[in-house]
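# Structural overview for review
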Amino acid sequence: MNALTPKEIQDILDGVMQDVPNRIASIQLQKQDTFLSNNVNNLCTIHTTFEGGYHASLALCADACLLMRLTQHFMQEEIVTSQDIEDFAKEYLNIICGRIVAGLFRSAHISSRFHIPSFSLGRYIPDDVSSCCILNYTSNCNEGVQLIHQTFPLENSAQK
Amino acid sequence: MSKKIMVVDDSHIVQLQLQKILSGTDYEVAACCQSGEEALEMYNQVHPDLVTMDILMPGMDGLEAARLLLEAHPDAVVLIVSSLAYDDTINEATRIGAKGFVYKPFERDQIIRSIQSALEQ
């Protein structure tokens, strides 16, 4: 199995993060140095872990307004419920992770899977930020998104 | 007469999305299942013309469910609909006899074309 550098992994994550909302709702995310949101009290977190040839966790914190807009586009409905948004958020991370797994395989022939995402209200702050790759974005409506990626120091991890 | 589609996906929102996309077309969602196990049970009751199958679901994954379904019903038409779209899974889907693979997120025309193409094979 080949290994990937943190920069190569970050490039895969960044490509997926920008591509998926664009495909779902033509929403373009702009990369930022820090987490910026015009609504920090209304954040949601979706979380999962990878297994197989890649051991990592991934948490996506997003402004609920952005998730609502994405849900509306996804369902082609103006009115969506909080349950719709939660269901969509889990599917959204599912799509992101699927793309990441595909990217890992194409780049380094790493076969991995991920667990079914979980959803929670509020913002996820990792215990050890120094071990994480954190990517920040804002939408055209200044809604914030943060992707927190943490590899686990286990054998066969993709990161070298 | 509409062709019957059975949607196998643990995401309720994807089930709704497919129902919405297919309403008013030549296809109707006749049943939705949330797991591979449920799909195997439901198939005999619904007799769908085509099954859309997600891969990552609680319990049995979609590729295993598709394999068992096609073993029991060699005439079944299975279309894999998943975000896990890379050589490994696409090759496995082809090997077990799935008639196509649709990436998530998909667009309306794309899924309709793929259903049509799978049913014509």
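See the structure printed just above.
Report follows, based on the coordinates. All figures in this text were calculated on a predicted structure; none of them were measured in a lab. Every chain begins its residue count from 1, and numbering advances along the sequence as written. Written order determines the labels here, with chains lettered from A and ligands numbered from 1. With the structure being a predicted model, the display of local features is reserved for residues of pLDDT at least 70 and the display and counting of side-chain atom pairs for 80 or more, all residues being used for whole-chain, interface and lining totals. Just so you know, side-chain values use all the structure's heavy atoms and leave hydrogens and water out.

## Section: the overall build of chain A
Going along the chain from the N terminus, every DSSP run of H or I of four or more residues is numbered as a helix, and every run of E of two or more is numbered as a strand. The secondary structure content of chain A amounts to three helices and seven strands. Along chain A, helices (α) and strands (β) appear in the sequence α-β-β-β-α-α-β-β-β-β when read from the amino end. For chain A, whose C-alpha radius of gyration is 15 Å, the value lies close to the compact-globule estimate of 15 Å for 160 residues. Over its C-alpha atoms, taken along the principal directions, chain A stretches across nearly 45 × 30 × 25 Å. Considering chain A as a whole, with its 160 residues, one finds that 53% of them fall into the buried category. Counted over contacts in chain A with a minimum sequence separation of 6, partners at least 24 positions apart contribute 71%. Each accessible area value is a Shrake-Rupley result obtained with a 1.4 Å probe; residue values ignore everything except the protein chains displayed when judging cover. Accessible surface, chain A as shown: approximately 7,300 Å² in total, 47% of it carbon and sulfur. Seen as two clouds, the 10 positive and the 17 negative side-chain charges of chain A have centres 7 Å apart. The globule rule used for comparison is 2.2 Å times the number of residues to the exponent 0.38, while the radius of gyration itself is calculated over C-alpha atoms. Under the scheme applied here, a residue whose accessible area is under 20% of the maximum for its type counts as buried, over 50% as exposed, and between as partly exposed, the area being computed with a 1.4 Å probe on protein chains only. Throughout, a contact is declared for two residues whenever any of their heavy atoms are within 4.5 Å. The convention is simple: Lys and Arg are positive, Asp and Glu are negative, and His and the chain ends are not counted. Charge positions are represented by NZ for Lys, CZ for Arg, CG for Asp and CD for Glu.

## Some remarks on the pattern of salt bridges
For salt bridges, the criterion is a side-chain nitrogen of Lys or Arg within 4 Å of an Asp or Glu carboxyl oxygen. Scanning the entire structure with this criterion turns up 15 salt bridges over all chains. Notably, a salt bridge pairs Arg69 of chain A with Glu143 of chain A, separated by 2.6 Å at the nearest N-O pair. Note that Arg69 of chain A is positioned in helix H2 (residues 64-75) and Glu143 of chain A in the loop between strand E6 (132-138) and strand E7 (144-151), a separation of 74 residues in sequence. The structure contains a network of salt bridges with shared partners spanning Glu91 of chain A together with Asp9, Asp54 and Lys104 of chain B.

## With respect to unusual backbone geometry
Following Lys104 of chain B, the chain continues into Pro105 of chain B via a peptide bond in cis, with omega recorded as -5 degrees. Among the structural elements, Pro105 of chain B can be located in the loop between strand E5 (100-103) and helix H5 (108-120). The backbone of Gln76 of chain A shows a phi angle near 55 degrees, a positive value even though the residue is not glycine.

## Points about H2 of chain A
All names here are of chain A. For a helix, the expected span equals 1.5 Å multiplied by the number of residues minus one. A rise of 1.5 Å per residue sets the reference length of H2, with its twelve residues, at 16 Å; its end C-alpha atoms lie 16 Å apart and thus fit the reference within 8%. For the purposes of these results, a polar contact is taken to be a pair of N or O atoms within 3.5 Å, where, inside protein, one atom must be able to donate a hydrogen and its partner to accept one; residues adjacent in sequence count only when each atom of the pair is a side-chain atom. Put simply, Asp63 is the residue that caps the front of H2, since its side-chain oxygen is 2.9 Å from the backbone nitrogen of Cys65. Two residues or fewer after H2 comes Gln76, characterised by a positive phi angle close to 55 degrees.

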